[in-house]
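# Coordinates in review
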Amino acid sequence: MYRLLSAVTAGAATPRGRGWGCGRRGAHWRARLPPLGHGWIGGLGLGLGLALGVKLAGGLRGAAPAPPPAAPDPEPSPQAEPPQELSVTPWSPQTPAPPPSRCYARAIENSRDLLHRIKDEVGAPGIVVGVSVDGKEVWSEGLGYADVENRVPCKPETVMRIASISKSLTMVALAKLWEAGKLDLDIPVQHYVPEFPEKEYEGEKVSVTTRLLISHLSGIRHYEKDIKKVKEEKAYKALKMLKETTMTSDQEKELKEKGGKSNEKIDFAKAKTEQDNEAKGRNSKPGKKKNDFEQGELYLKEKFENSIDSLRLFKNDPLFFKPGSQFLYSTFGYTLLAAIVERASGYKYLDYMQKIFHDLDMLTTVQEENEPVIYNRARFYVYNKKRRLVNTPYVDNSYKWAGGGFLSTVGDLLKFGNAMLYGYQVGLFKNTNENLLPGYLKPETMVMIWTPVPNTEMSWDKEGKYAMAWGVVEKKQTYGSCRKQRHYASHTGGAVGASSVLLVLPEELDPEAINNKVPPRGIIVSIICNMQSVGLNNTALKIALEFEKDRSD
């Protein structure tokens, strides 16, 4: 300000200077009018000062206050900062996305707002989303930080843990081997992996097959080693589901009345179990066991050389259930599947998977290892007991690459989802378009993979069932002009410091009206987040429906 006023004063003191040779002041001088006095100069300085003051005050009003150190990453509201804003402020990192297609502008705006709300609710440092419509990526964006310490914002290229979506990737390897006749899904696993001992359940010899492993029906444990706790939890869930079931028909009401006494016995047994557990210092409710993130095996730091070596973690443990009788989600089951892939293919599991990633053009998808430099890799976070954001401890995921050990981006996951959707739909289009290329997996293979399996559960959507390394919800509508349940397939993931989801919403195709269409037809949504225990499936489904609405409009 001082320099500006000095320059103005100097210019006024030397009227023949360069600054006065043109404009209204120059014309005044050339006309030999009386010189302007010092009052004019003072007025000019005062005016400039007021203008700069107003500008500075406006800038200060627009600045967001710094949040307390404990806060993860406050985001400004979409109204305060338009999504197309190119400036990235220190406290509101948001990767500028390319201009979206106009037809999806409403869906993008609503979906971005939804992600902001989810991010704020759980306190996630960063989250990345990608959406494709009919095989074309139409939106990808990062919100928040991939690295809080170094203030590195999330972007579409950010690489994060995809956790259990790795199971769906492993399923492709198994399916390719099955299509090639190198893998029988229904013979005992000892045919391929004799290192895995034969099993018994309650004194009876039983068979564990590849098909049962894929759908979590093998009886092999998850991270919880206490078989009693697992069985109590299963019984408690079954009892709760029984109580929540609404009886409508007269026959069901009669059965309820007849079963009143037995229900009382069940309630009494439940109450007694609760008392026994309390007396033994256990959990207050039957079936309540440790959260997965409280299990020690989730934080293993040991590096395993191969899948066969990883089997020693669980191969000698007893089966929790008779194979095929009950659903028990098991990441260790997929460790055994990785060994089966190695023996059936003749390649190391990771080498075989890298060939698949190359074929699918998933160039940023790799196994998670600490030593290699992986560009755009995010850091992972959790809240401690004091609710402060901290880095997660170091873990080595080499024991579970097949079930939860890969890193990827939303873009690669969209490519994977579209490849699966193409294979699922291409058979419908063959009669109308003979020039279509075959899918990476055959249509009959994809139908098998996305067909719900009896006796299974889909924990992230109670209305679905687990299929073959995917959860599947089938189309259903009970009442006219009421809720319509859409058919979709998805898989979620939860790892140390990370959450993820990949959701495929196929278009409801009319076989008689597909002449001008080519597969894949549908919406794919992928979301990855560097915070654990974040449920993302419902959010992904809402986003998919938003884009479907814009496409139909």
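Computed from a prediction, not measured in an experiment: that's the story for all the values here.

Of the regular secondary structure elements, the chain holds 16 helices and 15 strands. The 553 residues of the chain split such that 46% are buried. Excluding contacts between residues fewer than 6 apart, the proportion of contacts in the chain whose partners are at least 24 apart in sequence is 71%. As displayed, the chain has an accessible area near 29,000 Å², and 54% of this comes from carbon and sulfur atoms.

With that settled, consider the sheet that holds strand 4 (residues 160–161). Strands sit in the order 4-10-7 across an open sheet of 3 strands; the sheet is antiparallel. Looking at strand neighbours, the two that pair on one side only are strand 4 and strand 7 (366–367), the edges of this open sheet. Sheet topology note: the strand 4/strand 10 (residues 406–408) ladder contains 2 bridges and is antiparallel. What sits directly across from Met160, in strand 10, is Ser408. Sheet strands in contact with helix 12 (residues 349–359) are strand 7 and strand 10, and its direction is about 20 degrees off that of strand 10.

With that out of the way, let us pick up the side chain of Ser490. In this structure, Ser490 sits in strand 13 (residues 488–495). Side-chain polar atoms of Ser490 contact the side chain of Trp460, separated by 3.0 Å. Side chain to side chain, Ser490 and Asn537 meet in a polar contact 2.8 Å long. Beyond its immediate sequence surroundings of up to four residues, Ser490 is in contact with Met458, Trp460, Trp470, Gly471, Leu502, Leu503 and Asn537.

Moving on: unusual backbone geometry. Cis geometry is adopted by the peptide bond preceding Pro520, which originates at Pro519 and carries an omega value of 0 degrees. Tracing the chain through its elements places Pro520 in the loop between strand 14 (498–506) and strand 15 (522–529). Phi at Asp134 takes a positive value of approximately 55 degrees, unusual for a residue other than glycine. Here Asp134 shows up in the loop between strand 1 (126–133) and strand 2 (136–147). Phi at Asn455 is positive, roughly 70 degrees, even though this residue is not glycine. Relative to the helices and strands, Asn455 resides in the loop between helix 15 (443–449) and strand 11 (465–466). Residue Asn455 is classed as partly exposed on the basis of its relative accessible area, which comes to 48%.

Time to look at the confidence of the model for the chain. Reading fine detail from the predicted coordinates is not recommended where pLDDT is low. Summarising the model, the chain shows a mean pLDDT of 81, and 72% of its residues fall at 70 or more. Low pLDDT (under 50) marks residues 54–92, which in the prediction has 42 contacts with non-local residues, meaning those over four places away or in another chain. Throughout residues 261–289 the model reports pLDDT below 50, and contacts reaching past four residues in sequence, or to other chains, amount to 32 contacts.

Bringing the pairing of strand 15 into the picture now. The buried fraction of strand 15 is high, at 8 of 8 residues. On strand 15, burial covers both faces: Gly522, Ile524, Ser526 and Ile528 on one face and Ile523, Val525, Ile527 and Cys529 on the other are all buried. Sheet topology places strand 1 next to strand 15; 7 bridges connect them, and they run antiparallel. Within the sheet, the bridge partner assigned to Val131 lies in strand 15 and is Val525.

So, on to the environment of Ser533. For Ser533, the position within the fold is in the loop between strand 15 and helix 16 (537–552). Ser533 sits in the exposed class, given a relative accessible area of 53%. Once the C-alpha coordinates of Ser533 and Val496 are considered, the two residues, 37 residues apart in sequence, prove to be 8.8 Å apart.

Definitions and cut-offs
- Residues numbered from 1 in each chain as written.
- Predicted model: local features only at pLDDT ≥ 70, side-chain atom pairs only at ≥ 80, totals over all residues.
- Heavy atoms only, no water.
- Helix = DSSP H or I, 4+ residues; strand = E, 2+ residues; numbered from the N terminus.
- Buried < 20%, exposed > 50% of the residue type's maximum accessible area, 1.4 Å probe, protein only.
- Contact = heavy atoms within 4.5 Å.
- Areas by Shrake-Rupley, 256 points an atom, 1.4 Å probe, with all protein chains shown as cover.
- Pairing = 2+ DSSP bridges.
- Axes fitted to C-alpha atoms, helices over the stretch in contact; angles between N-to-C directions.
- Polar contact = N/O pair within 3.5 Å; in protein donor to acceptor, adjacent residues only side chain to side chain.
- pLDDT = per-residue confidence, 0-100.

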